[in-house]
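Here's the letter readout for the chains.
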Amino acid sequence: MRRLVLDNRRLRAAAEETIGAEPLIGETPVMVRLRETMRQIAQADIDVLVEGETGTGKELVAVLLHRWSNRRSRPFVAVNCAALPEAVAEIELFGHDGDSRLPRTGRIEASNRGTLFLDEIESTLPAFQAKLLRVLEEREVMPVGGDLPRALDLRVIAAAKPGLEQAVEEGRFRADLLFRLDAVRLRIPPLRERRDDIPLLFGHLLHQAAERFGREVPTIDTATLAYLGQHDWPGNVRELDNLAKRLVLRVEADEPVDEDSGIPLPARVDKFEEATIRAVLQQVSGDVRSALAALGIPRKTFYDKLKRHEIDVEAYRPTKG
């Protein structure tokens, strides 16, 4: 019960601390470096390739780059390349002139003087890739049926799942387009590579969901706490956000129960123990003395458990500098 109370206090504190903070949440070294790099390149007006698995927050990174840039007051135009119907994709992107009585401005031209975000760029058809390459190289767009290209002043941020190089090898993606997009590449790590961020992020998502639905931030039980620490999160932040919404709305879900089905009791205890130690270290910013007091265990036992669970205390301490 003591551990559970501490964990719930930590989650509530995490929720309160992240209100008004940068939405790209995480204090693991990889996330700190990602934010620092984004700050460095935001105003450089250079094209960026954002790489990450489904649900890691690629569009959020693009939005922040635009928000932190000198183009912040100009349009941010997002295009989901995978969702464009093939029959109208060319007009949707490049616009239409010609004899049409209602000339249509394409999404690319609509981003003029602002930022164009091309999500799932790997799903574009080869015919469009050549035209996109011209947009990137010449900074101009030729509408369908038009006679003259139109000059553009824009920044392009493209997002893709890992594996663009393989798509090039298989002939599904142009090598020259990849080289042109890859001026700066930002890789967003999946949650399984930054597990120590999960409690902080989950606390933020719980508070966000509670505020959205007009509910109280719920108390987290031991099953959910253990699930947070042991699940691989293939859907990443999107999946974590869905769990937070279900808990706030008190919608029954199978994950916390099914995940432990068939697992022996000692293994469950180990997983819960590891999740609790990590949560306390997160709460006390890696301070060993405070962690010992919160956990109520001797120093030798504490270090034995750190070794068994392969927990690095240094990862929880604030970055100096």
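Rules of the game
Residues numbered from 1 in each chain as written. Predicted model: local features only at pLDDT ≥ 70, side-chain atom pairs only at ≥ 80, totals over all residues. Heavy atoms only, no water. Salt bridge = Lys/Arg side-chain N within 4 Å of Asp/Glu carboxyl O. Axes fitted to C-alpha atoms, helices over the stretch in contact; angles between N-to-C directions. Helix = DSSP H or I, 4+ residues; strand = E, 2+ residues; numbered from the N terminus. Parallel < 35°, antiparallel > 145°, perpendicular 65-115°, else oblique. Contact = heavy atoms within 4.5 Å. Nonpolar A, V, L, I, M, F, W, Y, C, P; charged D, E, K, R; others polar. Expected span 1.5 Å × (residues − 1). Buried < 20%, exposed > 50% of the residue type's maximum accessible area, 1.4 Å probe, protein only. Lys, Arg positive; Asp, Glu negative; His and termini not counted. Polar contact = N/O pair within 3.5 Å; in protein donor to acceptor, adjacent residues only side chain to side chain. Core = buried A, V, L, I, M, F, W, Y, C linked by side-chain atoms within 4.5 Å. pLDDT = per-residue confidence, 0-100. Pairing = 2+ DSSP bridges.

Quick look at the pattern of salt bridges now. Per the counting criterion, the structure on display carries 25 salt bridges. Across the salt bridge formed by R134 and E140, the nearest N and O atoms sit 2.3 Å from each other. With its nearest N and O atoms 3.0 Å apart, the salt bridge here joins R187 to E193. Taken together, the salt bridges that share partners define one network made up of E51, E165, D182 and R185.

A separate point is the packing of helix α14 (residues 288–295) against helix α15 (residues 299–309). At a closest axis distance of 10 Å, the pairing of α14 and α15 adopts a crossing angle of 100°. Judged on the interaxial angle alone, α15 and α14 are roughly perpendicular. For the pair formed by α14 and α15, the contact residues are V288, A291, L292 and L295 on the first element and R299, F302 and Y303 on the second. The residue inventory of the contact of α14 with α15, partitioned by class, reads 6 nonpolar, no polar and 1 charged.

All right, on to helix α2 (residues 29–42) then. Helix length check: α2, at 14 residues, gives a terminal C-alpha distance of 20 Å against a target of 20 Å (1.5 Å per residue), a fit within 8%. For α2, the set of buried residues is M31, V32, L34, R35, M38, I41 and A42. Each element contacted by the buried residues of α2 is listed here: β1 (48–51), α3 (58–67), β6 (155–160) and β7 (184–187).

In this structure, R155 sits in strand β6. D45 provides the closest opposite charge to the buried, unpaired R155, separated from it by 4.7 Å. Polar side-chain contacts of R155 include one of 2.8 Å to the backbone oxygen of I41. Once residues lying within four places of it in the same chain are set aside, the contact partners of R155 are I41, A42, D45, I46, D47, V48, L65, S69, R71, G114, T115 and L116.

One broad rule of soluble globular proteins: the nonpolar side chains tend to lie buried together. Membership of the largest hydrophobic core comes to 29 residues, with the highest contact counts inside it found for F94, I108, L116, L118, I121, F173 and L181. Secondary-structure elements contributing two or more residues to this core are β2 (76–80), α4 (89–94), β3 (115–119), α6 (126–138), β6, α7 (164–169) and α8 (175–181). Element by element, the count of residues in this core is highest for α6, at 5 residues. Beyond its immediate sequence surroundings of up to four residues, I108 is in contact with L93, F94, L116, L132, V135, V141, L152 and L154. By size, the runner-up hydrophobic cluster in this structure holds 22 residues, among which are L200, L228, L243 and A244.

With 84% of its residues at a pLDDT of 70 or more, the protein shows a mean pLDDT of 83. Considering each helix and strand of the protein separately, the mean pLDDT is smallest for helix α12 (residues 255–258), with a value of 45, and largest for β1, with 97. Ignoring residues within four places in sequence, the model shows residues 13–21, a span with pLDDT below 50, making 10 contacts including any to other chains. Predicted confidence is poor over residues 254–261, with pLDDT under 50, and the contacts of this stretch with residues over four places away or in other chains come to 11 contacts.

Here the focus is the pairing of β2. In summary, the side chains of a regular strand alternate between the two faces of the sheet. Of the two faces of β2, the one lined by V77 and V79 is fully buried and the one lined by F76, A78 and N80 carries no buried residue. In this structure, β2 lies alongside β3, joined through 5 bridges in parallel fashion. Residue pairing in the sheet places V79 in a bridge with L118 of β3.

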